[in-house]
Amino acid sequence: MSDFDKRESSAKRRARLKTALEAAFPDAEDAEAGALQFVRAPGRVNLIGDHTDYNDGFVLPAAIDLDIWIAVRRRRDGLVRLASLQAEGSPGSFWADEVAPPDSSLPAPDRSWVDYVAGVAWSLREAGLPIHGFDGIVDSSIPPGAGLASSAALELASALALLGPAHVDEPAARLAALAQRAEREYVGVNCGIMDQFAVAAGRAGQAIMLDCRSLESHHVPIPAGVRVVVCDTRSPRELRSSAYNERRAECGKAVALLAEQEPSVSSLREVDADMLRRYRHVLPETVARRAEHVVTENDRVVAAVEALAAGDLEQLGKLFAASHESLRSSYEVSCDALDEMVAVASAVPGVVAARMTGAGFGGCTVNLVGEEAVGDLARAVTEEYPRRTGLSPRVYSVAVSDGAGNV
Ligand code: GLA
């Protein structure tokens, strides 16, 4: 399927969600007077810089117009009642001011989507922010489990719903950090900051260059005439969370061993190619390759920002290709489906740059494509990729969009 697809208009979606809210929660006697509120948080795609965020490095994500909306009817009594329009989300509820602290005995995969909302309530309260209860209908156009940050989008949308109008006083970076805390400490997924930051701080037409050490960021325009196309491999992602934690541990090992040589090293961010060459012999071979990916990927992010500013599409193509190759052979988080998807896309004239994006082991590729070639890419992927893999892809021509906010 390809989806250049008309997204539903805001007015239609608003009306659809209002009807769903009234049907799911007809008893409105605890509702506060006043209109419904609609909040939205986007998914994200990472242009370049993967597995660098938890190494204090650079990333270049962009918020996209696949997103999560919540229709919110505030309640007086502090109860949060939630229903989802997606089949995988059964309804749930909790008291906003009585969320129990995280239960580390519950493994992350056993968590329900409502726990992500409860986790955000816990994290906001821990930070001393005032939250309130609401009846909410959640509606997502982000394909779940495809690596487009649907969890981070749910977290940020929940934060806005829980805070109500007070959220406008909170800087995006703070909300992102609080959402990340919820995911790490409450849900139990050891993620970096990239997803939540991109979802919170996105801006239409611009990617975000984020320094994950200082959390300083600036926006980088996508060149005119270039479209961002996301191709979902639809391949199973079984290994993802165990491999993710394993890679984090390997990076930690690299830091520990390098710090014995150079005490100033506290993350791979402090390591450059020269230092790595000098001390490579103290690192086990696998650990050395992991570190090499991170060190070179940071350089590629910086170079990509320069190439975007200069409109140097050829250079972007080279950087994306080098990133994919490094993630495949040094970091070992690609898979056949991702490699085939990149190969199919790269052969299409007008495709400027193609690589896997996000954590890997399935999920999506990100492509920068000349406007005129988007249809050709969709056709090539829809015809050629299933022949090579037996899988049915999805192609999304996305608009780079604003971060989380009211709609
Ligand atoms: C996942 C994590 C991010 C980041 C990417 C890999 O999306 O949530 O924090 O580590 O993987 O770049």
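It should be emphasised that the depicted structure is a prediction, and the values quoted were computed from it without experimental measurement. (Residues numbered from 1 in each chain as written. Predicted model: local features only at pLDDT ≥ 70, side-chain atom pairs only at ≥ 80, totals over all residues. Heavy atoms only, no water.)

Q: Just to check I follow, could you spell out the pairing of strand 2 (residues 37–46) for this structure?
A: Two faces belong to every sheet, and in a regular strand the side chains alternate between them. Summarising burial for strand 2: ten of the ten residues are buried, a large majority. In this sheet, strand 4 (residues 61–74) lies alongside strand 2 in antiparallel orientation, the contact comprising nine bridges. Across the sheet, the residue bridging to Phe38 is Ala71, located in strand 4. Direction of pairing for strand 2 relative to strand 14 (residues 405–406): antiparallel, over a ladder of two bridges. Counterpart to Arg40 in the pairing with strand 14 is Gly405. (Buried < 20%, exposed > 50% of the residue type's maximum accessible area, 1.4 Å probe, protein only. Helix = DSSP H or I, 4+ residues; strand = E, 2+ residues; numbered from the N terminus. Pairing = 2+ DSSP bridges.)

Q: Can you help me understand the sheet that holds strand 4 in this one?
A: The pairing of strands in a sheet comes from backbone hydrogen bonds and takes either a parallel or an antiparallel form. The strand order across the open sheet built from six strands is 6-5-7-4-2-14, with neighbouring strands paired in mixed fashion. Both outer strands of the open sheet, strand 6 (92–95) and strand 14, are each paired with one neighbouring strand and no more. Bridge count for strand 5 (residues 79–84) against strand 6 is four bridges, and the pairing is antiparallel. Residue pairing in the sheet places Arg81 in a bridge with Ser93 of strand 6. With respect to the sheet, helix 1 (residues 10–24) is in contact with strand 2, strand 4, strand 5 and strand 7 (134–140), its orientation differing from that of strand 7 by roughly 130°. Helix-sheet contacts for helix 2 (residues 113–126) involve strand 5, strand 6 and strand 7, and the interaxial angle to strand 6 is about 20°. (Contact = heavy atoms within 4.5 Å. Axes fitted to C-alpha atoms, helices over the stretch in contact; angles between N-to-C directions.)

Q: Could you clarify how one ought to interpret the site of the ligand in this entry?
A: Around the ligand, the neighbouring residues are Arg44, Asp50, His51, Asp53, Tyr54, Cys191, Gly192, Met194, Asp195, Tyr244, Gly358 and Ala359. Asp50 has a polar side-chain atom sitting 2.6 Å from an oxygen atom of the ligand. The backbone of Gly192 places a nitrogen or oxygen atom 2.9 Å from an oxygen atom of the ligand. Residues of the shell around the ligand, tallied by class, amount to five nonpolar, three polar and four charged. (Near = heavy atom within 4 Å. Polar contact = N/O pair within 3.5 Å; in protein donor to acceptor, adjacent residues only side chain to side chain. Nonpolar A, V, L, I, M, F, W, Y, C, P; charged D, E, K, R; others polar.)

Q: How do you make sense of the sheet that holds strand 9 (residues 217–221) when you look at a structure like this?
A: The antiparallel open sheet is built from three strands, whose spatial order is 3-8-9. Since the sheet does not close on itself, it has two edges, and those belong to strand 3 (58–59) and strand 9, each with one partner. Here strand 3 pairs with strand 8 (residues 206–211) via two bridges, running antiparallel. Of the residues in strand 8, the one forming a bridge with Phe58 is Asp211. Its contacts with the sheet put helix 5 (residues 194–201) on strand 3, strand 8 and strand 9, and the angle it makes with strand 8 is roughly 135°.

Q: Please explain the packing of aromatic side chains as it appears in this structure.
A: Where two aromatic rings form a pair, the distance of their centres and the angle of their planes describe that pair. Under the defined criterion, the tally for this structure stands at three aromatic pairs. Taken together, a centroid distance of 6.0 Å and an interplanar angle of 40° make the contact between Trp122 and Tyr186 tilted. Highlighted residues: Trp122 in helix 2 and Tyr186 in helix 4 (residues 172–187), separated in sequence by 64 residues. A relative accessible area of 8% places Trp122 in the buried class. On the basis of relative accessibility, which here comes to 9%, the residue Tyr186 falls in the buried class. Positioned above the aromatic ring of Phe38, the side-chain terminus of Arg14 is 5.3 Å from the ring centre. Between the NZ or CZ atom of Arg355 and the centre of the ring of Phe320, over which it lies, the distance is 5.9 Å. (Phe/Tyr/Trp six-rings, centres within 6.5 Å; stacked < 30°, edge-to-face > 60°. Lys NZ or Arg CZ within 6 Å of the ring centre and 35° of its normal.)

Q: Would you mind showing me how to read the side chain of Ser330 here?
A: Within the element layout of this structure, Ser330 appears in the loop between helix 9 (313–329) and helix 10 (336–346). Not counting residues within four places of it along the chain, the set of residues in contact with Ser330 comprises Arg289, Arg290, His293 and Glu325.

Q: I'm lost on the nonpolar core in this one. Help?
A: In summary, soluble globular proteins display a tendency toward joint burial of nonpolar side chains. Among the nonpolar cores identified, the biggest contains 86 residues, and Leu60, Leu82, Phe94, Leu124 and Leu368 are the most heavily contacted of them. Every residue in contact with Phe94, bar those within four places of it in the chain, is listed here: Gly78, Leu79, Val80, Leu82, Val99, Val114, Val117, Ala118 and Ala121. Formed by 26 residues, the second largest nonpolar core is a distinct cluster that contains Tyr244, Val255, Met275 and Leu283. (Core = buried A, V, L, I, M, F, W, Y, C linked by side-chain atoms within 4.5 Å.)

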